[in-house]
Amino acid sequence: DELRDGFLMSESAAAICLETSRENSGADCAADETTPGSTRLVIERYAQGADGSHLTSSDPNGRVRRHLINKVTENRAVDLVHAHGTGTLTNDPLELAAIESVFTGASNIPCLYSHKGALGHSLGAAGLVSVVLNVLAHRHGQIPGNVRTARPLPTRAISIDRVARRFPIHRSLTLAAGFGGATAAVTLAST
């Protein structure tokens, strides 16, 4: 949001259970067959990097983020991008520029979401909380709204909605960053 001038601190925890497929490929997470509307999800790709340019901010050119996004998406359509989205001027414009550079010209426009406006920025679990929220978005076919967003940053290749929207999600991307430049990206895909 153009008006947000800092991040909201909080604390949270998250846990996930990973399963290998029956074929033992090590890539397939089983759906809960007893839950209506359950979806089989796979952790499709994961990449980790570091820019180490500053203790609390990222490389101003966004090279590592662009590289990680390209590596995990490989020009495949993405429906939901769960941004790190700290609500700060040192993160959000740089992250959005990196995301847009990858998705400009894509056949579909992904929706961008960050949970930090609603739940705050937890120190230890922010990345895993993002993954859990993406799993729920896949399962329920709903993208949460970006709360506390009055004026979204201007975009060309990404949709930033202030209210929740129902939308089938086939592939999602989660971005996370940590102190000292640690950065990660993961894609989940519905099968």
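Here's a quick rundown of the structure. (Residues numbered from 1 in each chain as written. Predicted model: local features only at pLDDT ≥ 70, side-chain atom pairs only at ≥ 80, totals over all residues. Heavy atoms only, no water.)

**A short note on the overall build of the protein chain**
A tally of helices and strands in the protein chain yields four helices and eleven strands. When burial is assessed residue by residue, the protein chain has 43% of its 191 residues classed as buried. Sequence separation of 24 or more characterises 74% of the internal contacts of the protein chain that already satisfy a separation of 6 or more. In the form shown here, the protein chain has an accessible surface area of approximately 9900 Å², with 56% of it arising from carbon and sulfur atoms. (Helix = DSSP H or I, 4+ residues; strand = E, 2+ residues; numbered from the N terminus. Buried < 20%, exposed > 50% of the residue type's maximum accessible area, 1.4 Å probe, protein only. Contact = heavy atoms within 4.5 Å. Areas by Shrake-Rupley, 256 points an atom, 1.4 Å probe, with all protein chains shown as cover.)

**Quick word on the nonpolar core**
Formed by 20 residues in total, the largest nonpolar core has its most connected members in Val81, Ile99, Phe103, Leu112 and Leu173. Elements with a contribution of two residues or more to this core: helix H1 (63-73), helix H2 (92-103) and strand E10 (171-177). Discounting residues that sit within four places of it in the chain, Val81 has contacts with Ile99, Phe103, Pro110, Cys111, Leu112, Tyr113, Leu173 and Leu175. Among the nonpolar cores identified, the runner-up in size contains six residues, and Cys111, Ala137, Ile143 and Ile169 belong to it. (Core = buried A, V, L, I, M, F, W, Y, C linked by side-chain atoms within 4.5 Å.)

**Concerning the pattern of salt bridges**
Taken as a whole and assessed by the stated rule, the structure comprises six salt bridges. Among the salt bridges present, the one from Arg65 reaches Glu95, with a minimum N-O distance of 3.7 Å. Of this pair, Arg65 sits in helix H1 while Glu95 sits in helix H2, placing them 30 residues apart in sequence. Taken together, the salt bridges that share partners define one network made up of Glu44, Arg45, Glu74, Arg76 and Arg171. (Salt bridge = Lys/Arg side-chain N within 4 Å of Asp/Glu carboxyl O.)

**Focus on unusual backbone geometry**
Its identity as a non-glycine residue notwithstanding, Glu74 has a phi of 45 degrees, on the positive side. One can find Glu74 in the loop between H1 and strand E4 (80-82). For Glu74, a relative accessible area of 43% puts it in the partly exposed group. Residue Arg148 is not a glycine yet carries a positive backbone phi of 60 degrees. One can find Arg148 in the loop between strand E7 (142-143) and strand E8 (159-160). On the accessibility criterion, Arg148 (48% relative accessible area) is partly exposed.

**Let's talk about H1**
Of all the positions in H1, only Val64, Arg65, Leu68, Ile69, Val72 and Thr73 are classed as buried. Considered in projection along H1, the buried side chains sweep an arc of 145 degrees and stay on one side of the axis. Turning to H1, the residues buried within the fold contact strand E3 (41-50), H2, E10 and strand E11 (182-190). Note on H1: the residue one or two positions beyond its end, Glu74, has a positive phi of about 45 degrees. (Arc of directions from axis to C-beta.)

**Comments concerning the packing of aromatic side chains**
Tallying each qualifying case throughout the model produces zero aromatic pairs. Looking at Arg165, its charged tip hangs above the ring of Phe167, at a distance of 4.9 Å from the centre. (Phe/Tyr/Trp six-rings, centres within 6.5 Å; stacked < 30°, edge-to-face > 60°. Lys NZ or Arg CZ within 6 Å of the ring centre and 35° of its normal.)

**Regarding the side chain of Glu95**
We classify Glu95 as buried; its relative accessible area is 2%. A distance of 2.8 Å separates a polar side-chain atom of Glu95 from the backbone nitrogen of Gly85. Sequence-distant contacts of Glu95, that is, excluding residues within four places in its chain, are made with Arg65, Ala83, His84, Gly85 and Leu175. (Polar contact = N/O pair within 3.5 Å; in protein donor to acceptor, adjacent residues only side chain to side chain.)

**Concerning the environment of Thr183**
Here Thr183 shows up in strand E11. You can call Thr183 buried: its relative accessible area is 5%. The spacing of Thr183 and Asp51 is 132 residues in sequence and 7.7 Å in space, taken between C-alpha atoms. Sequence-distant contacts of Thr183, that is, excluding residues within four places in its chain, are made with Ala47, Gln48, Gly49, Val64, Arg65, Leu68, Ala176 and Ala177.

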